[in-house]
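# Structure at a glance
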Amino acid sequence: MNNYKKFIIILLIMFLNVALIGQQYSINGYVKNSSGEPLVGSNVWINGTSMGASTNSEGKYVINNVKAGTYELNAAYIGYRTLTKEIEIISQTNVLDFILPEGTIEGDKVVVSAARRNQKLVDAPSTVAVVNALELRKWSGFSYANAIQHLKGVNIYRTGMDGLGINARGFMTGYNYRFQLMTDGMSEMMTGNGLSAANMNLITREDIDRVEIVLGPSSALYGPNAHNGLLNVITLHPRDSKGGTVVAGAGQNSILNFRARYADSYGQLAYKLNAEYLTGKDYDDNRIYWLDGNKNGIRESGEYTIEGNNIPIEHARLNGTLYYKPTSDLEISGGYGYHQFSTRNVTNIGHNILDDWTTQRWFAQITHPRIFARVHSIGNISDGYYQEDVKALLQVTQGMPEETAIEAINLVDKSNRLSAEVQGNLQVGGVNIIGGFNWDRENPVSERTVLFDHGIDPRTGKLQGEEIIVDQVGIYTQIESNLPFDFSTTLAFRYDRHDNYEDQFSPRLGLTWRGIENGTFRITWNRAFQAPAIAQQYLYIYVPGSRYQAGNGLGFTLADGTKIDPLKPETNETIEVGYRGLLNNNIYIDINAYNSRYKNFISGFIPVGPAILMGDEELDPSVPLLTYLNFGNIKINGIDVAITYPISNKLNIFANYSFVDRSNFDKVKEDGLNSADSTFYQGFYFNTPTDKWTIGIRGNDIFLKGFDINAHLRHVAEYEFVSGRWKASDEGSGLSTAGTNPYYVNNGPLGGFYLIDIAAIYQISEFLGIQFSIENLLDDTAYQMVGSPSIGRLFTAEIKYNF
């Protein structure tokens, strides 16, 4: 048995022993408001630990298995100030009650993603942004993106009504792999390609408790893909959110939206059910595909076809979870989620049309104050999607009817990912330790229509290739300790073993200081990595007479004899300093500055010329190849600032600003263009605005009780974006990147807009509420992603009934 396996076994035994050791002390009490009403579902936890509980229907909480000693307890509830109290555990039963005052302060928000345990936002060792349920539900529309696009440090790339990409700190592409998407700590990255696609989340909005975004490298706890950051959607527990909700909504572009949620508990059992149906018509970009066959510059019959955004958007979601609590400390749960949707997604080379794509997920888990274990799986079922530009090519060049062309280029995705994880925690004196491991098995299946797997080869027409199975195992530990003079430290590290790449070690070291009232200074050093995603390794699409789109897991030999090495993992080493807290006891400020150094940077899709070999596989040298490459070392610096000022308990104003310095990137590119590899550097782009800002207001009970409003003005600086076939730049603006074909027209740089967004909600009664939101109030031109329409004004309204 090697040392790696021994370490896993020792870790499991250690946490199992800790979990089975009974403690004789407990803490209980009530959480209420100033009127004496119970605050059902309040979070109560012991500061610096993973031990906590939620209040029941009477507002009571119980935390068991607590050692003797002195502790700080936090109590938090949405819409109320978080309180911290000290308690000394000296008897078997200890009582501590909380009366929470109304009103919120940003630093009081509770987060879990920064350290895999509950903690106040102001105490988190990372740069974290949070949007809670109250803020999320003020925004109607297609997704939670409406509520997060104004956050500091977060870059939102809207491709249409429902399509969006999320990234932070640079290097976005048409397909984004660097930003990890999760739900309750489970990966939402698309199995089969590794794409970060926020519109494909299986969760309905009524089931979201909060959205947490961790900016910067987070591989020390979450592994690969948490490279530029992560977004974790945290859902509601049914014991904390009993009852039902029905929502009906409508809006511009033929939007119809129906959602429902119900949760309840019976003794040891609890459950929740969620459903949603959403449909609408995307913004139309009137995109035309034209090949000027006779070169006369006139669009003639048979030479063109109009594509545009004529594909209806449709989402159907259904999920449910069952919880069983045999003891006060142990809970067993399991759930199933189903999502079927149709949409149009921009890619590096064109658009994918997805028709009745189905994603399914199941999970089973055990939760205990000292140990957590879960197994979960997510998979796709789709045999009816295709590349829009290839369909148009066949229609124009071969005269195929549309349905025949679609059938000829039909793509398949029957991929699956199976994951398992175990996490435990313990306290040794004043030291808190969290540790665990996770295992992922990727089984991408495309039947050789998209990937280099087993199936009919599009070039040879023969059955060839092998099934793809990729395993990855990671072990992580985090140690937190309080030091003298109000200092505390966080040390985390993770070791990953991947089937296709060398082992990776991801450390994180943080130091925080709470030597001033209501504030925390922090400095953190992280090293993270991105293992090339499935598509970056195994993509294999051959369009005869047009191109190869291929991942670079095997390396290439070009027609001129040039060798291209297979991709290596990209690493990101970041040092970050920051401060969160209150100034003058009422102005909340959150500021951070960072320096990131990338090594073996993985490019977007780059044309590299014709190739004759992919590994040992022969290729067609008559068509160009687009693939991914490693570049050298790149350094970026940046700063993010957020300020909130409460004018009163009911109204606050906020502002944020983000800036990233790309000067080193520009120098690396300039040097590369003057090198022997200049051809490769021509496709090397930063694809991120250098600065963005937002200013806005949030109000509760404005003008009349129950009327809340959010409004903000946001600006994104103008910037160029080039990825694969797409280009958004002043250079060549108005021209196509494919000759005279307007399908690939360059509409000019992205960003450069000032947009006003407004959302309001009016709670008519305890049971009935209405809300509306308007994005881009003035209907300004706002190109936010290559190959995508301008995101114009969008009005939506909803009526909600609670029971």
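Before going into details, it helps to say that this report is about the structure given with it.

## Here we look at the packing of aromatic side chains
- Tallied over the full model, the rule gives 30 aromatic pairs.
- Between Tyr262 and Tyr271 the ring centres are 6.2 Å apart and the planes differ by 40 degrees, which places this aromatic pair in the tilted class.
- With relative accessibility at 23%, the residue Tyr271 sits in the partly exposed group.
- With a centroid separation of 6.4 Å and an interplanar angle of 40 degrees, the aromatic rings of Phe703 and Phe707 are classed as tilted.
- Residue classification places Phe707 among the buried residues on the basis of a relative accessible area of 19%.
- Through a chain of ring-to-ring contacts, three or more aromatic side chains come together here, namely Tyr598, Phe601, Phe631, Phe665, Tyr681, Phe684 and Phe686.
- The positively charged end of Arg287 is found above the aromatic ring belonging to Tyr743, 5.7 Å away from the centroid.

## Quick look at the pairing of strand E25 (residues 351–367)
- As paired elements, strand E24 (residues 331–346) and E25 share 15 bridges and run antiparallel to each other. The residue bridging Val346 from the neighbouring strand is His351, located in E25.
- Hairpin connection, E24 to E25: the antiparallel pair is bridged by four residues.
- Relative to strand E26 (residues 371–387), E25 runs antiparallel, the two being bridged by 13 bridges. Bridged to Leu354 within E26 is Tyr385.

## Points about a nonpolar patch on the surface
- Together, Leu483, Phe485, Phe487, Leu511, Ile523, Ile575 and Val577 give the surface a local cluster of nonpolar side chains, amounting to about 610 Å² of exposed area.
- Its place among the elements puts Val577 in strand E40 (residues 570–583).

## Examining the pattern of salt bridges
- Overall, the coordinates contain 28 salt bridges when judged by the stated rule.
- Here Glu798 and Arg205 are joined by a salt bridge, their closest N and O atoms 3.4 Å apart. On the criterion of sequence distance, the pair formed by Glu798 in strand E53 (residues 794–802) and Arg205 in the loop between strand E15 (186–187) and strand E16 (208–215) is long-range, its members being 593 residues apart. Summarising the burial analysis for this pair, Glu798 and Arg205 share the class buried.
- Ionic contacts of the salt-bridge type, sharing partners, join the residues Arg205, Glu206, Arg259, Glu798 and Lys800 into one network.

## Description of the environment of Asn310
- Mapped onto the elements of the fold, Asn310 is located in the loop between strand E22 (304–306) and strand E23 (312–324).
- For Asn310, a relative accessible area of 52% corresponds to the exposed category.
- On a C-alpha basis, the gap between Asn310 and Asp285 in space is 9.4 Å, while along the polypeptide they are 25 residues apart.

## What about the side chain of His498?
- Looking at the secondary structure, you find His498 in strand E33 (residues 487–498).
- Among the polar contacts listed, one links the side chain of His498 to the backbone nitrogen of Asn500, at a separation of 2.9 Å.
- Leaving out residues up to four positions away in the same chain, His498 has contacts with Val470, Asp471, Gln472, Ala531 and Gln537.

## Quick look at helix H8 (residues 663–673)
- Listed in full, the buried residues belonging to H8 are Phe665, Val668, Lys669 and Gly672. Summarising the axial view, the buried residues of H8 lie within an arc of 95 degrees, below the 170-degree limit, and thus occupy one face.
- Contact partners of the buried residues in H8: strand E45 (634–646) and helix H9 (678–681).

## Topic: the pairing of strand E18 (residues 243–251)
- Pairing of E18 with strand E19 (residues 255–266), which is carried by nine bridges, proceeds in the antiparallel orientation. If you follow Val247 over to E19, its bridge partner there is Arg259.
- Connecting E18 to the antiparallel partner E19 that follows it, the hairpin turn spans three residues, and Asn253 within it adopts a positive phi of roughly 60 degrees.
- Sheet topology places E18 next to E53; seven bridges connect them, and they run antiparallel. From the neighbouring strand, Ala250 faces E53, where its bridge partner is Ala797.

The rules behind each value
Residue indices begin from 1 for each chain and proceed along its sequence in written order. Residue-level local features of this predicted model are given only where pLDDT is at least 70; pairs of side-chain atoms are given and counted only at 80 or more, and the full residue set underlies all totals for whole chains, interfaces and linings. As a rule here, side-chain values cover all heavy atoms of the structure and leave hydrogens and water aside. Stacked, edge-to-face and tilted are the three classes for Phe, Tyr and Trp ring pairs, Trp counted by its six-membered ring, which pair at centre distances within 6.5 Å; planes under 30 degrees apart are stacked, over 60 edge-to-face, the rest tilted. We call a residue buried when its accessible area falls under 20% of the maximum for its residue type, exposed when it is over 50%, and partly exposed in between, using a 1.4 Å probe and counting protein chains only. The rule is short: NZ of Lys or CZ of Arg within 6 Å of the ring centre and within 35 degrees of the ring normal puts a charge over the ring. What makes two strands pair is DSSP finding at least two bridges between them. Numbering of helices and strands runs from the N terminus, with a helix taken as a DSSP run of H or I at least four residues long and a strand as a DSSP run of E at least two residues long. The residues that make up patches have over 30% relative accessible area and no salt bridge, and they are joined within 9 Å when like-charged or within 5 Å when they are Val, Leu, Ile, Met, Phe, Trp or Tyr. Here the accessible surface of atoms and residues is derived via Shrake-Rupley with a 1.4 Å probe, and residues count as covered only by protein chains that are part of the display. When a carboxyl oxygen of Asp or Glu lies within 4 Å of a side-chain nitrogen of Lys or Arg, that pair is called a salt bridge. N or O atoms closer than or at 3.5 Å make up a polar contact, with two conditions inside protein: a donor-capable atom paired with an acceptor-capable one, and, for residues adjacent in sequence, both atoms drawn from side chains. Whether two residues are in contact is decided by their heavy atoms: any pair within 4.5 Å suffices. Arc definition: directions from the helix axis to the C-beta atoms.

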